[in-house]
Protein chains: 2
Amino acid sequence: MATITILGTGNVGQHLAKALHSAGHHIVQIYNRTPAHWQELMSFLPKTTQFTTHLAQLLPHTGLYLIAVADDAVAAVSQTMPAVPGVVAHTSGATPMSTLAKHPRRGIFYPLQTFTAAHTVHFEQVPFCIDALLPADAAFLQNIARTLSPRVYAITDEQRRILHVAAVFANNFTNHLLAIADDICQTNGVPFEILKPLIAETLKKTEQQPPRNVQTGPAKRADVHTITQHLQLLETQPQYRHLYRILSESIAKMYHGNLKLPFPE
Amino acid sequence: MATITILGTGNVGQHLAKALHSAGHHIVQIYNRTPAHWQELMSFLPKTTQFTTHLAQLLPHTGLYLIAVADDAVAAVSQTMPAVPGVVAHTSGATPMSTLAKHPRRGIFYPLQTFTAAHTVHFEQVPFCIDALLPADAAFLQNIARTLSPRVYAITDEQRRILHVAAVFANNFTNHLLAIADDICQTNGVPFEILKPLIAETLKKTEQQPPRNVQTGPAKRADVHTITQHLQLLETQPQYRHLYRILSESIAKMYHGNLKLPFPE
């Protein structure tokens, strides 16, 4: 079991502190620039865990220093914190390992999941993307990740950047399309509720088969008549109409080569 | 229990024939222009069920004639079939009730779900959208739908058209975004598998809260730095780059009013 300092008490820092403690690791210190969430963390961490708002007061040890702050604060925390004998890793999907260049033992400990305050995180289902400058440190970080989840992947900076873009499509953009569907329903007095089983079924399918193979709908069928009707219905919502058109064209391109659907902008 | 004739033995017709028979209804006749899937249907329907490839041979009864053919074939089947004493309803989300104008007792029996050959349909989770010209016929169709599912909704032509558009966003377009995420991963040698728990979590959230309230990601945070990096990574896939830009702008618009993200086309 490892000795761990956690820097940052936002969503990711809090959830990881709890999970790592529960997995038997020794959380020696929690840093945050303000005492945010300290009370909550104190309620389950051992009395020996120290808390600080000063990076200069970080305790030296040969374990893990986990930087779990906002993407744009990783660089500042890494540079301001003292040199330490342990491995310094961050949890960001978008930040290169070179941001930690001050620390010779550096790495990545990136849980690829969407964290929301209101939802419990089941870490055993969270994929961990691990990287490190030194092979021994990569093994060290992988071993820690495996105490939380069986899904541990060795992922380079370049691969992690690609995963992050793909995750934006798979999570942020799909969620936005659901929000649009909800908005279209509400604007027209139709219960969005009716669509929920459809959404669940769509996802269930793509867990079992490549999403490309289970595509359905008017654009997949190149059913220009239905698409034209839908565009007419969206006339009062030009932004959604535009998206409908662009996404239908993108589907048509994926399944019918360069076929352009002949409907007006 | 109702007497039912089913017209069409595609995915929807087949699944409904099985489910309606299992629910205790009397399937008197199956029509299809070719004997497609007859053998399969004969294996579980009673020996008394008749099969025909000729609309002129439809048996007259006062129950339900369910037209479950492709959207663009509904009109032709409705007009070619003889006048019947029962209720004529179709299962299409995109076709107005007026398409059945030949029949004074007409209605809609629309199961809002995505049907794929390889997947079993759990009708108890399928919402049925019901409409009819005559109130008594609407009640008749609702009663039949309730033998298959507790989710039965009275939905007008106008509402059904809106639901169909919203369903394209919620199902077809989200599935397409997952296919793009898969493609981005494969093109760059990263396992798409890693994203599956994220996708599952996104959907789980939106079942519990309005999707608008659980939006995350760089566009929601107006994190122009990350968006710019992502657009650079997508430079070799201009189609996906364009979609990334349009969808990010749409998210920014939903959460930040008219703010335009200042990154290049």
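Everything quoted here is computed from the prediction, not taken from an experiment.

### Let's talk about the sheet that holds strand 8 (residues 152-154) of chain A
All names here are of chain A.
Phase 1 of the analysis: Pairing within the open sheet is mixed, and its eight strands lie in the order 3-2-1-4-5-6-7-8. Every interior strand has two partners, whereas the edge strands, strand 3 (50-52) and strand 8, have only one. Geometrically, the sheet is characterised by an average inter-axis angle of 25° between neighbouring strands, direction not taken into account.
Phase 2 of the analysis: By the bridge criterion, three bridges tie strand 5 (residues 87-90) to strand 6 (residues 106-111) in an arrangement that is parallel. Residue pairing across strands places Val88 opposite Arg106, the latter belonging to strand 6.
Phase 3 of the analysis: On top of the sheet, helix 1 (residues 11-22) reaches strand 1 (3-7), strand 2 (26-31), strand 4 (64-67), strand 6 and strand 7 (128-132); it is set at about 165° to strand 1, its chief contact.

### Quick notes on the pattern of salt bridges
Residues and elements named next belong to chain A.
Phase 1 of the analysis: In total, this model carries 18 salt bridges over all chains according to the counting rule given.
Phase 2 of the analysis: We note a salt bridge from Arg160 to Asp157, for which the minimum N-O separation is 2.6 Å. Highlighted residues: Arg160 and Asp157, both in helix 5 (residues 157-187), separated by three residues, approximately one helical turn. One exposure class covers both Arg160 and Asp157, and it is buried.
Phase 3 of the analysis: With its nearest N and O atoms 3.5 Å apart, the salt bridge here joins Glu201 to Lys204. Here the residue Glu201 and the residue Lys204 both occupy positions in helix 6 (residues 196-208), the gap between them amounting to three residues, near one helical turn.

### Quick word on the relation of the copies chain A and chain B
Phase 1 of the analysis: Of the transformation placing chain A onto chain B, the axial shift is 0.0 Å and the rotation is 180°, giving an RMSD of 0.1 Å. Here the transformation between the copies is reduced to the relation of a two-fold axis. The rotation axis passes nearest to the C-alpha of Thr174(A) in chain A, at a distance of 2.5 Å.
Phase 2 of the analysis: Most of the interface of chain A is mirrored in chain B: 99% of its interface residues are interface residues there too.

### Some details on the sheet that holds strand 5 (residues 87-90) of chain B
Residue and element names in this part refer to chain B.
Phase 1 of the analysis: Strand order in the open sheet formed by eight strands is 3-2-1-4-5-6-7-8, with mixed pairing between adjacent strands. Looking at strand neighbours, the two that pair on one side only are strand 3 (50-52) and strand 8 (152-154), the edges of this open sheet. With direction set aside, neighbouring strand axes in the sheet form an average angle of 25°.
Phase 2 of the analysis: Its contacts with the sheet put helix 4 (residues 135-146) on strand 1 (3-7), strand 4 (64-67), strand 5, strand 6 (106-111), strand 7 (128-132) and strand 8, and the angle it makes with strand 7 is roughly 160°.
Phase 3 of the analysis: Across the sheet, helix 5 (residues 157-187) lies against strand 5, strand 6, strand 7 and strand 8, angled at about 25° from strand 6, the strand it touches most.

### Here we look at unusual backbone geometry
Phase 1 of the analysis: A positive phi angle, close to 55°, is found at Ala222(A), a residue other than glycine.
Phase 2 of the analysis: You can see Ala222(A) is positioned in the loop between helix 6 and helix 7 (224-233).

### With respect to the interface of chain A and chain B
Phase 1 of the analysis: Facing the 91 residues of chain A at the interface are 90 residues of chain B.
Phase 2 of the analysis: Interface area, chain A with chain B, both sides summed: about 8,500 Å², of which 69% is carbon and sulfur.
Phase 3 of the analysis: The interface formed by chain A and chain B contains two salt bridges.
Phase 4 of the analysis: Among the salt bridges present, the one from Asp183(A) reaches Arg212(B), with a minimum N-O distance of 3.9 Å.
Phase 5 of the analysis: In this structure, the connection of chain A to chain B is made through 24 residue pairs in polar contact (both at pLDDT 80 or more).
Phase 6 of the analysis: Contributions of two or more residues to the side of chain A that touches chain B are made by helix 5, helix 6, helix 7 and helix 8 (238-256) of chain A.
Phase 7 of the analysis: Residue composition of the side of chain A that touches chain B, grouped by class: 46 nonpolar, 30 polar and 15 charged.

### A closer look at the environment of Asn171(B)
Phase 1 of the analysis: With respect to the helices, strands and loops of the structure, Asn171(B) is situated in helix 5.
Phase 2 of the analysis: We classify Asn171(B) as buried; its relative accessible area is 7%.
Phase 3 of the analysis: Separated by 57 residues in the primary sequence, Asn171(B) and Thr114(B) place their C-alpha atoms 8.3 Å from one another.
Phase 4 of the analysis: Apart from residues no more than four positions distant in its own chain, Asn171(B) is found in contact with Leu198(A), Thr202(A), Thr216(A) and Thr114(B).

### Let's talk about the environment of Ile130(A)
Residue and element names in this part refer to chain A.
Phase 1 of the analysis: Locating Ile130 in the fold gives a position in strand 7.
Phase 2 of the analysis: With 57 residues separating them in the primary sequence, Ile130 and Ala73 have C-alpha atoms 20 Å apart.
Phase 3 of the analysis: Setting aside anything within four residues of it in sequence, one finds Ile130 in contact with Ile108, Phe109, Ala138, Leu141, Gln142, Ala145, Val152, Tyr153, Ala154 and Ile155.

### Remarks on empty space enclosed by the protein
Phase 1 of the analysis: Per the counting criterion, the structure on display carries three cavities of 30 Å³ or more.
Phase 2 of the analysis: Empty space within the largest cavity amounts to approximately 40 Å³.
Phase 3 of the analysis: Lining the largest cavity are Ala170(A), Thr174(A), Leu178(A), Ile199(A), Leu203(A), Ala170(B), Thr174(B), Leu178(B), Ile199(B) and Leu203(B).
Phase 4 of the analysis: For the lining of the largest cavity, the elements supplying multiple residues, two or more each, are helix 5 and helix 6 of chain A together with helix 5 and helix 6 (196-208) of chain B.

### Quick look at the state of the cysteines
Phase 1 of the analysis: Under the definition given, this model contains zero disulfides over all chains.
Phase 2 of the analysis: Left unpaired, Cys129(A) is separated from the closest cysteine sulfur, that of Cys185(B), by 10 Å.

### Considerations on the packing of helix 5 of chain A against helix 7 (residues 224-233) of chain B
Phase 1 of the analysis: Interaxial distance between helix 5 of chain A and helix 7 of chain B falls to 10 Å at its minimum, and their mutual angle equals 105°. Taken together, the axes of helix 5 of chain A and helix 7 of chain B are roughly perpendicular relative to one another. Side by side, helix 5 of chain A and helix 7 of chain B meet where Glu158(A), Arg161(A), Ile162(A), His164(A), Val165(A) and Val168(A) of the first sit next to Thr226(B), His230(B) and Leu233(B) of the second.

### Here's the deal with the domain arrangement of chain A
Phase 1 of the analysis: Once the domains are mapped, chain A shows domain 1 (3-155), domain 2 (158-204) and domain 3 (215-265).
Phase 2 of the analysis: Computed from C-alpha atoms alone, the centre-to-centre distance between domain 1 of chain A and domain 3 of chain A is 45 Å.

Definitions and limits used
In every chain, residue numbers begin from 1 and rise along the written sequence. Just so you know, chain letters begin at A and ligand numbers begin at 1, following the order they were written in. Given that the model is predicted, a residue must reach a pLDDT of at least 70 before its local features are reported, and side-chain atom pairs must reach 80 or more before they are shown or counted; all residues, however, enter totals for whole chains, interfaces and linings. As a rule here, side-chain values cover all heavy atoms of the structure and leave hydrogens and water aside. In this analysis, strands are considered paired if DSSP registers two or more bridges between them. Numbering goes from the N terminus for both helices and strands, where a helix is a DSSP run of H or I of at least four residues and a strand is a run of E of at least two. In this analysis, axes come from line fits to C-alpha atoms, helices being fitted only over the stretch in contact, and the angle between any two N-to-C directions falls in the range 0 to 180 degrees. Throughout, a contact is declared for two residues whenever any of their heavy atoms are within 4.5 Å. Salt bridges are defined as contacts in which a side-chain nitrogen from Lys or Arg sits within 4 Å of a carboxyl oxygen from Asp or Glu. Buried, partly exposed and exposed residues are distinguished by accessible area as a fraction of the type maximum, computed with a 1.4 Å probe on protein chains only: under 20%, between the cut-offs, and over 50%, respectively. For the least-squares superposition of copies, only C-alpha atoms count, and only for residues with pLDDT at least 70 in both. Here's the idea: put two parts together, see how much 1.4 Å probe accessible area each one loses, and the total over both is what we call buried area. Polar contact is the term for a pair of N or O atoms within 3.5 Å; when the atoms are in protein, one must be able to donate a hydrogen and the other to accept it, and sequence-neighboring residues count only if both atoms are side-chain atoms. When residue character is reported, Ala, Val, Leu, Ile, Met, Phe, Trp, Tyr, Cys and Pro are called nonpolar, Asp, Glu, Lys and Arg charged, and the others, Gly included, polar. Think of a 1 Å grid over the protein atoms and nothing else: a 1.4 Å probe that fits but is trapped marks a cavity, an open set flanked by protein within 12 Å on at least five of seven lines marks a pocket, and residues with an atom within 4 Å of a point count as lining. Grid points are joined across faces, edges and corners, and a volume is the space filled by probe spheres set on the points. Cysteine sulfur atoms are paired as a disulfide whenever they fall within 2.5 Å. When an angle is under 35 degrees it counts as roughly parallel; over 145 it counts as roughly antiparallel; between 65 and 115 it counts as roughly perpendicular; any other value is oblique. What marks off one domain from the next here is an automatic or database domain assignment.

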